[in-house]
Amino acid sequence: MKALCWHGKHDIRCDTVPDPTIQHPRDAIIKVTSCAICGSDLHIYDGVIPGMERGDVLGHETMGEVVEVGAEVTNLKPGDRVVVPFTISCGECFFCKRGWFSGCERSNPNHETAEKLWGHSPAGLFGYSHILGGYAGGQAEFLRVPFADVGPIKVPSSLTDDQVLFLSDIFPTGYMAAENCNIQPGDTIAVWGAGPVGLFAIRSAFLLGAERVISIDTVAERLALSEAAGAITIDFKHEDVYEKIQDLTHGRGADACIDAVGTEADVTASADSILDRVKVATFMGTDRPHVLRQVIHCCRNFGTVSIVGVYGGFVDKIPMGSAINRGLTFRMAQTPVQHYLPKLLERVEKGEIDPSFVITHHAPLAEGPAMYKTFRDKQDGCVKVVLKP
Ligand SMILES: NC(=O)c1ccc[n+]([C@@H]2O[C@H](COP(=O)([O-])OP(=O)(O)OC[C@H]3O[C@@H](n4cnc5c(N)ncnc54)[C@H](O)[C@@H]3O)[C@@H](O)[C@H]2O)c1
Ligand SMILES: [Zn+2]
Ligand SMILES: [Zn+2]
């Protein structure tokens, strides 16, 4: 089959690789009809995620048609149309039973490596580093889905691929980011990053009752989509983010602040951004947490900092003094997608949100390598790419 494979920093190729096969009775094989490139894939593309190996198949936002199931998969049959969560979860362990699917303690075969780095291992993920299992991803013609009796959700034929594909990751992620803000009537929620995840966080914050949402980015097309969703926008390259949020909140700060940027914050946004870049380049640091610092700075006393932008290692110069003295709450996770899927599918079916609003580009799988660059560089108005194998 054809698949997008990682060969090194900024080197992704559309290779021919062996078709996946059933390896366990709980596996299913999916013929991929649509897959997407995520902001998290850009961290791999830019070489900031450790544990990648040449030839790894990328991709974790995938849907398609079931073509084969293992003996123990009784809820799916060939022909079913499903969306596949990016988190691989057994459904039975301590964490899965509590709904914390992305903390599954049984789906990462390389848990010992993760434990050395992070103390404990989270769930395995598709197409995302051998530290998280080294599972082949779904930017491919076919995908092997482990624990297929737990993850994939069947979707009705009345909804198009474009309307349901993002249930695999970015819609639940944006929704979780907003839900973790514990939104109360009258709240102002500030969202850093108006990429696909930030845009879903904005729409979700309104769905969950926020009175105002402030969107911070610098890319014109993305700020326009924030505005279309009803947000007030701040261009971080031309305005002072802290001052503007102070003005908008009577000097109190935002009730909750969402970091939907993560480790690859714009290098030129501020002096600390430049310093972070230098430290990473000289192996003095692992991440570029400028946005995390600003999010804490802009949050009101006893407010919530909700983090969905991904960080990898040991972040430096985080203002803990500000956080402890002002009583901030921190919430964050790789999204336990299975926990959110059924209720978000219901919202799509009811027409409360049409997730296809973020899509700017459709392309065949073979154009995937070029599309990674277009998406990373935000060229040609690119906000979200859907690939058709
Ligand atoms: N927690 C999860 O489960 C989960 C799931 C999906 C994605 N993510 C993460 O969410 C983040 C965003 O993903 P995406 O797909 O929207 O990516 P993206 O790269 O398209 O969007 C990031 C946006 O942040 C903006 N930005 C950069 N520096 C900024 C700054 N200083 N202030 C404000 N905005 C700034 C960029 O202009 C860009 O529009 C990534 O880190 C990704 O890894 C996490
Ligand atoms: Zn993702
Ligand atoms: Zn589990």
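The structure contained in this document is the topic of the report that follows. The model shown is predicted, which means the values in this text are computed figures rather than measured ones. (Residues numbered from 1 in each chain as written. Chains lettered and ligands numbered in written order. Predicted model: local features only at pLDDT ≥ 70, side-chain atom pairs only at ≥ 80, totals over all residues. Heavy atoms only, no water.)

Concerning empty space enclosed by the protein
Across all of its chains, the model carries two cavities of 30 Å³ or more by this definition. Lining of the largest cavity is provided by V84, P85, T87, I88, S89, F126, V145, P146, F147, G151 and P152. The residue makeup of the lining of the largest cavity, split by class, is eight nonpolar, three polar and no charged. For the second largest cavity, the calculated volume is near 30 Å³. D276, K279, G285, T286, D287, F314, V315 and D316 together form the lining of the second largest cavity. (1 Å grid on protein atoms, 1.4 Å probe; cavity = no way out; pocket = protein on both sides within 12 Å on 5 of 7 lines; lining within 4 Å. Points joined across faces, edges and corners; volume = space filled by probe spheres on them. Nonpolar A, V, L, I, M, F, W, Y, C, P; charged D, E, K, R; others polar.)

Comments concerning the sheet that holds strand β11 (residues 188–192)
A sheet is described by the order of its strands in space; here six strands give the open sequence β13-β12-β11-β14-β15-β16, paired in parallel fashion. Where the open sheet ends on each side, the last strands, each with one partner, are β13 (232–235) and β16 (329–332). Mean inter-strand twist for the sheet, computed between neighbouring axes without regard to direction, equals 20°. As paired elements, strand β15 (residues 299–307) and β16 share four bridges and run parallel to each other. Counted as the bridge partner of T304 is T329 from β16. (Pairing = 2+ DSSP bridges. Helix = DSSP H or I, 4+ residues; strand = E, 2+ residues; numbered from the N terminus. Axes fitted to C-alpha atoms, helices over the stretch in contact; angles between N-to-C directions.)

Looking at the layout of surface pockets
Estimates place the volume of the second largest pocket at around 250 Å³. When residues of the lining of the second largest pocket are assigned to their parent elements, the largest contribution, three residues, is made by strand β9 (residues 142–145). Split into classes, the residues belonging to the lining of the second largest pocket amount to nine nonpolar, five polar and two charged.

Regarding the pairing of strand β6 (residues 81–84)
As judged from the four bridges shared by strand β5 (residues 61–69) and β6, these two strands associate in the antiparallel manner. Within β6, the residue paired with M63 across the bridge is V83. When β6 meets strand β10 (residues 153–154), the two strands line up antiparallel, connected through two bridges. Bridging from a neighbouring strand, V83 pairs with I153 of β10.

Such coordinate-based values are descriptive only and should not be taken to indicate function.
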